Amino acid sequence: MDQDRSVIPAVSRGERAHQTVSQHLIMLEDIALAGEIPLGDLLQRIVEAARHLLNARYAALGVFDGRGRVRDFYTDGITPEERDRIESLPIGTGLLGYIVSERRLVRCPRIPDHPASVGFPPGHPPMTSFLGGPIARGGVVYGNLYLTDRIGAAEFSAEDEEMLALLARQSAIAIENAQRFARTRREEHTTRALFEIGKNLASLSEPEAVVELVVRSALDLLGADVAGLGLRESDPNQSLMVRWTLLRGSLNRFRQGRLVPAHQSLAGRVFQTGDGIVVDDVRALGYREGDNPLVDEEDIRAMAVVPLPGDDVPGGALMVGWRRPGPPPEGARDALARLADRAAIALAQAELHAREQAALRQSEIERSSLEAIFDSMRDAVFTTGLDGRVIRLNRQATTWAHGDAIGRPVHDVFHLENEPGEFTGLSAESGVAPGEIELCLPSGEKIPIEKIVSPIRDASGRTIGTVQVLRDLRPQREVEQLKANILSLVSHELRTPLSHIKGYASSLLQPDVEWDAETQRDFIASIERQADRLGRLISDLLEISRLDAGGASRLEQVSVSPATLVERGMRLAAPNAGGHSVTAVAPPDLPAVLADPSHVERVLSNLIENAAKYSPEGAPISIVVTARDTFVTFAVQDHGQGLTSEERSHLFERFYRSPRVKHRTPGTGLGLAICREIVHAHGGEIRVESVEGKGSVFRFTLPRVAKGEGQREEDAGIDRR
Amino acid sequence: MEREPVEMKVLVVSDDTELGGLIALNLRQRGFLVEHADLAIAQASRWAPSFKSLGLLIVDLENHERVSSTHLHRLARQPWAAGVPLLLATENSAAVVTSLGRVPDIALSRPANVADIVAAARSLLDRALAR
């Protein structure tokens, strides 16, 4: 058994305290059992043994907390009631304070006579003789053990003192063992708990989930009332802020996103120093209401705050708080720090995972977008590998492929003719293959295509495959043909009146011929007529171009009566209506329409002229206007040659001229196309009904004027028969 | 104005009635005997000019692209056209010549000055007279 020589009065080794062997064995047995019985029970037995062995009336043993205050108090010789009546003396005072501060045994016959005595605390029964000493070991004072009122003697003896010293040493060993055991147990528990927490954290991928688990773990691990994890942030002014996620144990509900300026939080100090802080009572440090919003809101007294390790500076702080003041549980700071380490790693991993997921999602979006672009391309696009076999192809390429394409040689899949040799194979030239290449489709049809080859290279520039594009040239050829047709048509239509003008003019200018006055007038009239024709053609071309550019925005729509429009159209068409009689029925009670009169009269004029052009001489032409729902319908009817179904299907296309008439009758094929554009720009529709050989009816609609819309023009009804 | 000899009979065949008529009128003003017919009519197997013998055949085409090559071919094969000097006025004489199957004595490009046509016609007729 160790003797703490700094505490116990020197005892010669040859001397042995007078004690019965059995009593000593009992004590040794108790000490041996110290690990199996609770410390409190053991200390109680020690104090009882002390009173019994030393024949005292009263014995007491006090165990201190870490701050020198009595945490546990064991007595023997007084009743619980007597004990409860005893009040406390200030810590460190009197004989008891003396033996602890001086770390020495004290024995005196009368307590009041000792210089260190300050008397008895209120409620304490008077006592005379005293024997007491510190319970100490290894420089640490764990408590004190003392007896009073020696029975059968005026005071305690030296042997009593030695026995007390022995008992005090045993108590110190017991307390030390118990504390060590408790510490080990606590550390074991903490380590196991942290291990489990670590496992759970490793399974989480969401930063929010990590934060919540860490906060809850801190709360549970340390038995705190409040726990929180604060992450470092900067506000727009670059001020350091802490964004807290808090959990109050009683509410069991997380509060997230609480933003506190770092300087108002202990976390700010932790960020600066990089060290943890433990505070027994924040309000004992001169704290004022409002200094720390978290303290105020959560009613915190004791706190422990540790940094969350970061790259250069702490990335945050982990905090636990208690509503009762006092030192946090032993080992709290260390446990919190260990939890913070795990939290920092888990957060970093979760953030990395979140970034990876975001990158993956972005990559997936890009892949889907590229996939959609790839598949929506009108060109056939496919890739080949080093072996010249198809790896991937888009939807268009699939329709042109002969059989399943993936993994097969390109030329088995796509049957090309006239392909230049240097554009085949993996070492193929890149760029556009020259010449007229034909692709034979699975249906047997051959189409002209353009082939474009590009290499696919790896990061080192090595060719690892090709991208090949097959472009259908048919639309391009159709456009070119259409353009050529249009140019031919337009140039002829322009050239013909010019030829006439030139012919007549040059005839008039010949010096070797004299033309009579009537012939001269005829020539000049023809020149004028052809000039008008030229002008109309140019006007048509310009009109259709303007309608393309501006549509409805070019119209100057006003409220106008249908009868007025019909009258104007008939007047405009009159010079070209030939010998045809044109009748119109447009009652005056028809609702006004919203129209640009100059454009609509052109439509009517066109339709009347067409009717005249394609009707036998003298055949009647009629115009009938009716109203229904929100539209007014204009119908121009003739009794001419009518239209075939083929002609009806193309009639309103630009530059379309029926094969039946285009060689006989001059025209550009723009008239009806212009009519359609004008009617559509007004929000109406135009259509034709026709029976071949019997005649046609062209109908178009214009919207009625809603009340209050447009300018009012004078209404007029007409009924020209 | 001096009238040309009776042999100076000219047939104007055209695809544009008005222009063909103008050429014919110009030639008549200069004393030629001129008949004018549309190509579609002149190529018909049962048609022949009213002149017994023809001094010159003028083929004037305003829009050769819309002209039937068959009509041209038939026109050139008409019995009354055999051996008759041919004056061709068209934009693309090469294509028309192919359809005619006969090389014209003179080819003028369209749009042609009427005076040029008259001059060319006179030249061909003089040549024929000289023979």
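Residues numbered from 1 in each chain as written. Chains lettered and ligands numbered in written order. Predicted model: local features only at pLDDT ≥ 70, side-chain atom pairs only at ≥ 80, totals over all residues. Heavy atoms only, no water.

A. Looking closely at unusual backbone geometry. Residues and elements named next belong to chain A. Backbone geometry at Asn55 places phi at a positive 55 degrees, although glycine is not the residue there. Overall, the relative accessible area of 34% leaves Asn55 in the partly exposed class. One non-glycine residue, Asp149, adopts positive backbone phi at about 60 degrees. Residue placement: Asp149 occurs in strand S5 (residues 140-150). The exposure class assigned to Asp149 is buried, which follows from its relative accessible area of 8%. (Buried < 20%, exposed > 50% of the residue type's maximum accessible area, 1.4 Å probe, protein only. Helix = DSSP H or I, 4+ residues; strand = E, 2+ residues; numbered from the N terminus.)

B. Geometry of a nonpolar patch on the surface. Taken together, the side chains of Leu370(A), Ile373(A) and Met377(A) make up a nonpolar region of the molecular surface, amounting to roughly 280 Å² of accessible area. Assignment of secondary structure puts Leu370(A) in helix H9 (residues 332-376). (Patch = residues over 30% accessible without salt bridge, like charges linked within 9 Å, V, L, I, M, F, W, Y side chains within 5 Å. Areas by Shrake-Rupley, 256 points an atom, 1.4 Å probe, with all protein chains shown as cover. Salt bridge = Lys/Arg side-chain N within 4 Å of Asp/Glu carboxyl O.)

C. Examining the packing of helix H13 (residues 517-550) of chain A against helix H1 (residues 17-29) of chain B more closely. Between H13(A) and H1(B), the shortest axis-to-axis distance is 13 Å and the interhelical angle comes to 150 degrees. One finds that H13(A) runs roughly antiparallel with respect to H1(B). Every pair of crossing elements has a handedness; the one defined by H13(A) and H1(B) is left-handed. Taken together, the residues of H1(B) that come into contact with H13(A) (itself represented by Thr519(A), Phe523(A), Ser526(A), Arg529(A) and Gln530(A)) are Glu18(B), Leu22(B) and Leu25(B). Its residues assigned to classes, the contact of H13(A) with H1(B) shows three nonpolar, three polar and two charged. (Axes fitted to C-alpha atoms, helices over the stretch in contact; angles between N-to-C directions. Parallel < 35°, antiparallel > 145°, perpendicular 65-115°, else oblique. Left-handed = near helix turned anticlockwise from the far one by under 90°. Contact = heavy atoms within 4.5 Å. Nonpolar A, V, L, I, M, F, W, Y, C, P; charged D, E, K, R; others polar.)

D. Expanded view of the packing of aromatic side chains. Residue and element names in this part refer to chain A. Scanning the entire structure with this criterion turns up eight aromatic pairs over all chains. Seen in terms of ring centroids, Phe652 and Phe698 are 6.3 Å apart; in terms of plane orientation they differ by 80 degrees. Their pairing is edge-to-face. Taken together, the residues Phe652 in the loop between helix H16 (645-650) and helix H17 (671-681) and Phe698 in strand S25 (residues 695-703) connect sequence positions 46 residues apart. The class for Phe698 is buried, based on a relative accessible area of 7%. Taken together, the ring pairs connect Tyr58, Phe130 and Tyr146 into an aromatic cluster. One residue, Arg232, lies across the ring of Phe271, its end atom 5.0 Å from the ring centre. (Phe/Tyr/Trp six-rings, centres within 6.5 Å; stacked < 30°, edge-to-face > 60°. Lys NZ or Arg CZ within 6 Å of the ring centre and 35° of its normal.)

E. Looking closely at the interface of chain A and chain B. Facing the 26 residues of chain A at the interface are 19 residues of chain B. Taken over both partners, the interface formed by chain A and chain B buries close to 1900 Å², and the fraction arising from carbon and sulfur atoms is 48%. Between the two partners, chain A and chain B, sit four salt bridges. The salt bridge involving Arg30(B) is made with Asp512(A); its shortest N-O contact spans 2.8 Å. Along the contact surface separating chain A from chain B lie 10 residue pairs in polar contact (both at pLDDT 80 or more). (Buried area = accessible area lost by both parts, 1.4 Å probe. Polar contact = N/O pair within 3.5 Å; in protein donor to acceptor, adjacent residues only side chain to side chain.)

F. How the structure looks around the pattern of salt bridges. Within the structure shown, the criterion is met by 36 salt bridges over all chains. With a shortest N-O distance of 3.6 Å, Asp334(A) and Arg338(A) are connected by a salt bridge. Of the two residues, Asp334(A) and Arg338(A) are both situated in helix H9; the distance of four residues between them amounts to about one turn of the helix. A relative accessible area of 44% means that Asp334(A) is categorised as partly exposed. Residues Arg495(A) and Glu62(B) are paired through a salt bridge, measuring 3.9 Å at the closest nitrogen-oxygen approach. Of this pair, Arg495(A) sits in helix H12 (residues 474-509) while Glu62(B) is found in the loop between strand S3 (56-60) and helix H3 (69-77), placing the two residues in two different chains. With relative accessibility at 15%, the residue Arg495(A) sits in the buried group.

Shape descriptors only; they carry no functional weight alone.
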